[in-house]
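Letter by letter, the chains look like this.
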Amino acid sequence: MTEIPESLLRRSAEAKAKALGLPVEQVLAEMKGEAPPTPPPSEPEPAVQAEGSVAEEMEESAERSAEIEEAVESVDDDPAPAEETAVEPGAEAEPEIVAETEADVPPAAPTEAPPAPTPEGDGGVVSSPEGEGDAEDDGGDVSSPEGEGDAEDDGGVVSSPQGEGDAEDDGGVVSSEDEPAHETEVEPAAAAVATAVEDRPAPAGDGDGAGSGNGAGNGKVASVVSTRPTVPPKGTPEGVRTQRLLTVVKARAIQTVKAEPTDKVNTWPHLMLMEFGALLAITGLLVIMSVVIHSPLLEPANFNATPNPSKAPWYFLGLQELLSYFDPQIAGVTIPTITGFIGFWIIPYVDKNPSTRPSDRKFAIALYSVFLAGAATLTIFGVLFRGLGFNWAYPWQDGIFFDDLRDWVQFE
Amino acid sequence: MANGNGKTGIGERIKEANEKLWGSQVAESILRPGSPFKKGYSDSPRNRSYVVMNNVLYHLHPVKVKRHGVKLSYTLCLGGLSFFLFILLTITGIFLMFYYTPSAETAYADIEALSTNVAFGSLVRNMHRWGAHLMVLSVFLHMSRVFYHGAYKPPREFNWVVGVVLLFLTLLLSFSGYLLPWDQLALWAVTVGTNMAGFVPVVGNEVKFALLAGVEVSGATLLRFYVLHVLAFPFILVIFLAVHFWRVRKDGGISGPL
């Protein structure tokens, strides 16, 4: 078990303390295992029955977690909050980690998780255990133990166990749909628990995915356990909320954990504002352009009167320019086929250089720049420097032979 | 609600009406939680998330994006602008379809009438044409931006391929629309363009024949280009667009900074 960073613990402790109304220090000590767990305040909750009520339950849990969430999210706008943090679970289940995501649960509970009946996460928490799992949570913060799989959840948190599992759920319910329950069982001893730092159970809370859940675990789900089993485990005292388990994964699945903290901002309003600005700008530009410049409309089509010169649309003029240099078999076929069809498609498979830093990929950048410059030059030649008979012409001497802009600047 | 003289002020009445409107059952049923228009909306982290995930359009986006992705200088919004131009082109294109008949006899007259007799006809046609050119440009620039950022590298290889398909579809859309005015420019630009397609080895002539519905541009070509332009290509494009957007999210959102 790796050491959980103090700051992380504190953050969770603060959230938990706020939710429970306990002093922060006490909760923190409890989390570190230095103090006996405080019995949660009993809060009578009707036993939740089966599927129908999952949505309801999510709604409720969303509300309950609102404060926690806000407490945690208040650091969001700091320049580099450790938003995504990975916790490396050891071979044994770590009660504390799980507990920190659930405000009112006895810490010892997670070990009870495996018998949970169905793979229904209710509101879900993430963990993307094996291989390239890269849990991404749009709504909250997630632990992303390793690599690049992509578990994504708009609302809550998701589990994307074992590499290719790619679970997405907007409503927050995630499960492996095709997975019979027995396959999701995990040997308790070998179970490790990975947790999300922030618990945001299904803010959507609308039952979108309730019931069946729509995560796609690719049949490799180690296990996603009902975070609040519909039937409380035996021996649970009356009124005590059962554990919200995040996910249980096989211990050996997690060898190294690497997750860089990512600096994120809310799409609303930050990105949306930018996009709206861009949208207005382009609309304005287009309207102004359309008022000022008229679309060309020449004489009616006449098969017997070939205009001189005949030019293709501007984006094909580079090609037409090439045709005037080379044999059609070369210009019309070989070059565009190589650059356009094959060249572009295979770029990502040919370029094996993993770096995206410009200094590491000088050759690629140079090559593309040459292509760009070449295409631009040819197009400009074709548009401006080709006159009668598609022969070379200087626009300042012979005029511009480009009918698209024949009515250039005509005010109404 | 009464002010000093026992009458209700206009400001108060507006406020009341507003409350009634946005608090009504109808408004409540339309607006999902987190909508900024919903009564009692407050700016909280939770509502900021709701805004995005409870709206069918915004939902294309994740709730949170990497901070560098928000910077204008990173993407220049080129992909988004391409998509937005596509939407603008769809809207203006639908408008134009009301006034256009794809036949060699009437097409030219329709365009003339559109530019002179129809309210805003000229403006809409200009927007459609210039918007199309801008879209070709923005898609191409978007591709260049992606290349320079190395954003096609794993795990985004496939999305690059989809993007290249989208570029070709954009070119095809633009090219097929080029013929529709049925003037000299349209006729001969398409003749030159399809002649180039004829140079493709093996299948060149077949491709050309299929495009032109014959060996040279004719009235049948006009109908063919029209159907391709207003239905077939947009249909295919939308499918690829969906995959493209979906993969952007699946592949881990916007690529990292340089």
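In this text, all values refer to a predicted model and were calculated from it rather than measured experimentally.

Colleague: Mind showing me how you'd approach the overall build of chain B here?
Modeller: Looking only at helices and strands, one finds 12 helices and 1 strand in chain B. Secondary structure of chain B in N-to-C order comes out as α-α-α-β-α-α-α-α-α-α-α-α-α. Expressed as a percentage of its 258 residues, the buried residues of chain B come to 43%. Partitioning the contacts of chain B with sequence separation of at least 6, the portion at a separation of at least 24 is 60%.

Colleague: Would you explain unusual backbone geometry in this entry?
Modeller: Between Asn308(A) and the following residue, Pro309(A), the backbone shows a cis peptide bond with an omega angle of 0 degrees. For Pro309(A), the location among the structural elements is in the loop between helix H6 (267-292) and helix H7 (314-325). Each neighbour pair has its own omega, and for Pro154(B) with Pro155(B) the value is 5 degrees, a cis peptide bond. Tracing the sequence through the fold places Pro155(B) in the loop between helix H8 (121-148) and helix H9 (157-178). In this structure, Phe390(A) is a non-glycine residue whose phi angle is positive, near 55 degrees. Considering the arrangement of structural elements, one finds Phe390(A) in the loop between helix H9 (362-384) and helix H10 (395-398). The partly exposed category is assigned to Phe390(A), around which 18 C-beta atoms lie within 10 Å.

Colleague: Looking at this model, I keep getting lost on the confidence of the model for chain A. Mind explaining?
Modeller: Should the pLDDT be low somewhere, the predicted coordinates at that spot are not to be read in detail. With 42% of its residues at a pLDDT of at least 70, chain A reaches an overall mean of 61. Across chain A, H9(A) holds the top mean pLDDT of 92, while helix H5 (residues 95-101) of chain A sits lowest at 36.

Colleague: I keep staring at the interface of chain A and chain B and nothing clicks. Help me out?
Modeller: When the parts of a complex come together, some accessible area is lost, and that lost area is often taken as the interface size. On the side of chain B, 77 residues touch chain A, which itself brings 77 residues to the contact. Secondary-structure elements contributing two or more residues to the side of chain A that touches chain B are helix H4 (66-73), strand E6 (264-266), H6, H7, helix H8 (328-350) and H9 of chain A. Considering each element in turn, the side of chain A that touches chain B owes the most residues, 15 residues, to H6(A). Examined bridge by bridge, E6(A) and strand E1 (residues 64-66) of chain B share 3 bridges and lie antiparallel to one another. Each bridged residue has a counterpart across the sheet, and for Val265(A) the counterpart in E1(B) is Val65(B).

Colleague: Would you mind going over helix H10 (residues 184-198) of chain B with me for this structure?
Modeller: At 3.6 residues per turn, the α-helix brings residues three or four places apart onto the same side. Residue and element names in this part refer to chain B. Counted at 1.5 Å a residue, the expected span for H10 with its 15 residues is 21 Å, and the 21 Å between its end C-alpha atoms agrees. Of all 15 residues in H10, 12 are buried, a share of seventy percent or more. Within the span of H10, buried status applies to Gln184, Leu185, Ala186, Leu187, Trp188, Ala189, Val190, Val192, Gly193, Thr194, Met196 and Ala197.

Colleague: I'm lost on the nonpolar core in this one. Help?
Modeller: What tends to happen in soluble globular proteins is that the nonpolar side chains get buried as a cluster. Among the nonpolar cores identified, the biggest contains 65 residues, and Leu85(B), Met135(B), Trp182(B), Ala186(B) and Ala189(B) are the most heavily contacted of them. Listing elements by their share of this core, those giving two or more residues are H7 of chain A together with helix H6 (78-97), helix H7 (107-116), H8, H9, H10, helix H11 (204-212) and helix H12 (219-250) of chain B. With 10 residues, the top contributor of residues to this core is H8(B). Not counting the four nearest positions on each side in its chain, Leu85(B) is found in contact with Ile282(A), Gly131(B), Leu134(B), Met135(B) and Ser138(B). With 6 residues, the next largest nonpolar core counts Trp268(A), Val51(B), Val52(B) and Met53(B) among its residues.

About the criteria used
- Residues numbered from 1 in each chain as written.
- Chains lettered and ligands numbered in written order.
- Predicted model: local features only at pLDDT ≥ 70, side-chain atom pairs only at ≥ 80, totals over all residues.
- Helix = DSSP H or I, 4+ residues; strand = E, 2+ residues; numbered from the N terminus.
- Buried ≥ 20, exposed ≤ 12 C-beta atoms within 10 Å, placed from the backbone.
- Contact = placed C-beta atoms within 7 Å.
- pLDDT = per-residue confidence, 0-100.
- Pairing = 2+ DSSP bridges.
- Expected span 1.5 Å × (residues − 1).
- Core = buried A, V, L, I, M, F, W, Y, C linked by C-beta atoms within 7 Å.

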